[in-house]
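Notes for the structure review
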Amino acid sequence: MKLEGKRIVVTGASSGIGLALARRLLHAGAKVAGVSRSPEDIKAALGHLGVMAVGCDLSRPDQIDKMLAETEALLGGIDIFVSNAGFAYYGTIGPPDWEKNENIFAVNVLAHIYILQKLTQERTTPLIFMVTISALGKMVLPGFTMYDATKFAMDGFVRSYRMEKPKNIKIMPVYPVATLKTGFFRKAGGSDTPMPLPPQPVGLVAWCMELGLRARAPAVYTSLAFLIRCLLVRVVPVDLAVQFYEGLRFKAWRKRHGV
Ligand SMILES: NC(=O)c1ccc[n+]([C@@H]2O[C@H](COP(=O)([O-])OP(=O)(O)OC[C@H]3O[C@@H](n4cnc5c(N)ncnc54)[C@H](OP(=O)(O)O)[C@@H]3O)[C@@H](O)[C@H]2O)c1
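Read on for a plain summary of the structure.

**Thoughts on the packing of helix α3 (residues 61-75) against helix α4 (residues 98-120)**
Between α3 and α4, whose axes approach to 11 Å, the crossing angle comes to 45 degrees. Judged on the interaxial angle alone, α4 and α3 are oblique. Note on packing geometry: the crossing formed by α3 with α4 is right-handed. When α3 is examined against α4, the residues Pro61, Ile64, Asp65, Met67, Leu68 and Glu72 are found in contact with a partner set consisting of Ala111, Tyr114, Ile115, Lys118 and Leu119.

**Observations regarding the nonpolar core**
Among the nonpolar cores identified, the biggest contains 47 residues, and Met67, Phe81, Ile115 and Phe129 are the most heavily contacted of them. The element that contributes the greatest number of residues to this core is α4, accounting for six residues. Here Phe81 is in contact with Val9, Thr11, Met67, Leu68, Ile115, Leu119, Leu127, Ile128, Phe129 and Met130, once residues within four sequence places are set aside. Of all hydrophobic cores here, the second largest spans 30 residues; its members include Leu26, Leu46, Ile80 and Met172.

**A word on the packing of helix α1 (residues 16-27) against helix α7 (residues 202-215)**
Contact geometry for α1 and α7: axes closest at 8 Å, N-to-C directions at 55 degrees. Viewed along their axes, α1 and α7 adopt a mutual orientation that is oblique. By crossing handedness, the relation of α1 to α7 is classed as right-handed. Listed contacts from α7 to Gly16, Ile17, Ala20, Leu21, Arg24 and Leu25 of α1 are Val202, Val205, Ala206, Trp207, Met209, Glu210 and Leu213. For the contact of α1 with α7, the residue count by class is 10 nonpolar, one polar and two charged.

**Points about the site of the ligand**
The immediate surroundings of the ligand are formed by 30 residues, with Ser15, Ser38, Tyr147, Thr179 and Lys187 found nearest. One of the side-chain N or O atoms of Arg37 is found 2.7 Å from an oxygen atom in the ligand. A distance of 2.7 Å separates an oxygen atom of the ligand from a polar atom in the backbone of Asn84. Burial of the ligand by the protein amounts to 95% of the accessible area it has alone, namely 870 Å². The set of elements that each furnish at least two residues to the shell around the ligand consists of α1, α5 (145-161) and α6 (184-189).

**As for the sheet that holds strand β6 (residues 169-175)**
In space, the seven strands of this open sheet follow the order β3-β2-β1-β4-β5-β6-β7, with parallel pairing throughout. Whereas interior strands pair on both sides, the edge strands pair on one side only; in this sheet they are β3 (52-55) and β7 (220-221). When strand β2 (residues 31-36) meets β3, the two strands line up parallel, connected through four bridges. Residue pairing across strands places Gly34 opposite Ala53, the latter belonging to β3. Packing against the sheet, helix α2 (residues 39-46) makes contact with β2 and β3, and its axis sits at approximately 165 degrees to β3.

What counts and what doesn't
Residues numbered from 1 in each chain as written. Predicted model: local features only at pLDDT ≥ 70, side-chain atom pairs only at ≥ 80, totals over all residues. Heavy atoms only, no water. Axes fitted to C-alpha atoms, helices over the stretch in contact; angles between N-to-C directions. Helix = DSSP H or I, 4+ residues; strand = E, 2+ residues; numbered from the N terminus. Parallel < 35°, antiparallel > 145°, perpendicular 65-115°, else oblique. Left-handed = near helix turned anticlockwise from the far one by under 90°. Contact = heavy atoms within 4.5 Å. Core = buried A, V, L, I, M, F, W, Y, C linked by side-chain atoms within 4.5 Å. Buried < 20%, exposed > 50% of the residue type's maximum accessible area, 1.4 Å probe, protein only. Nonpolar A, V, L, I, M, F, W, Y, C, P; charged D, E, K, R; others polar. Near = heavy atom within 4 Å. Polar contact = N/O pair within 3.5 Å; in protein donor to acceptor, adjacent residues only side chain to side chain. Areas by Shrake-Rupley, 256 points an atom, 1.4 Å probe, with all protein chains shown as cover. Pairing = 2+ DSSP bridges.

The following block contains the structure:
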C-alpha cells in the first residue's frame, strides 16, 4: 500500500516510537497529525516536515472527542490511526491508589478502545487501526506488573475484536521489545530503570511499523528474536532465564529506591 497522501494520526508523536514513526510517514508523503499533551514538542521536532500537531490528554474522554474532531477536520478524514501513546510504572504495585491505577488503564487500554469505537461507528470506508502493544503484552517481567496488565488486556482485546470486526476495519497490533532513545524507561522508574535485553533502536521499530502499514500486515513484530520466542514458548519455558535475570535487576533497583 502506498502511504503517499494517506491521512494518518499518530498518538504519542512528541517522543520515542511515535515521533520516529511520524517522521518516517511524513518523509513517505503522508499527511500526518501528531497527538500528545505537548503539541509544541511535535511542532518543534517535525514542523519543518509539515506535521499538524494536536494537544490531547488521552486519559480524558472529553479531550479525545475534541482531538478526533480536530484531526478529522485538519486532515479531511482519517485513513490510518496509529494509537501508540502509552507509559509504564516500574516498581512494585505499591499501596492502594485508585487514581494511579485508573490513569495507566485509561491511557494504555481505555483510550485505544474508545478511539476505535468512535472511528468505526457507522463507518463504511476503510480504516487501518494500528495499536502499539508491547512484547510485555505476551510475556511477563518483574517490575512491570501494572504495565503488563494493561498490555495483556490490549493483546486480548485485539485477538477477540478480530472475530467481530467489520471487513472495512483492519486492526494491526505492534509488539516492540525494549527500545532505545525513547523516554519510556526513564519515565517508568527513573534513569536507572533496567532495560530488558537486548534493546533495539527506535528507528528500527518505526521502520518495521512503516513496513507493516505498507504490507497491510496482520501484526508487527519488531524483533526476530522475540518472534522466535513466541513460537518456542508454546513448547519450551524459554522465559524462565530472562525472568530470573530481570528479577535480580529488579531486586537491586528496589534496594536502591528503598521499596
Ligand atoms: N520504549 C520501549 O521500550 C517500548 C517497548 C514496547 C512498547 N512500547 C510502547 O510504545 C509506545 C510508545 O512509547 P515510547 O517508547 O515511544 O515512550 P515515550 O518516548 O515515553 O513516548 C510516549 C508518548 O506517549 C505520550 N503520552 C503519554 N501519556 C499520554 C497521555 N496521557 N496523553 C497523551 N499522550 C500521552 C507522550 O506524550 P506527552 O508526554 O507529550 O503527552 C509521548 O509522546 C507505548 O505504548 C509503549 O507502551 C515501548
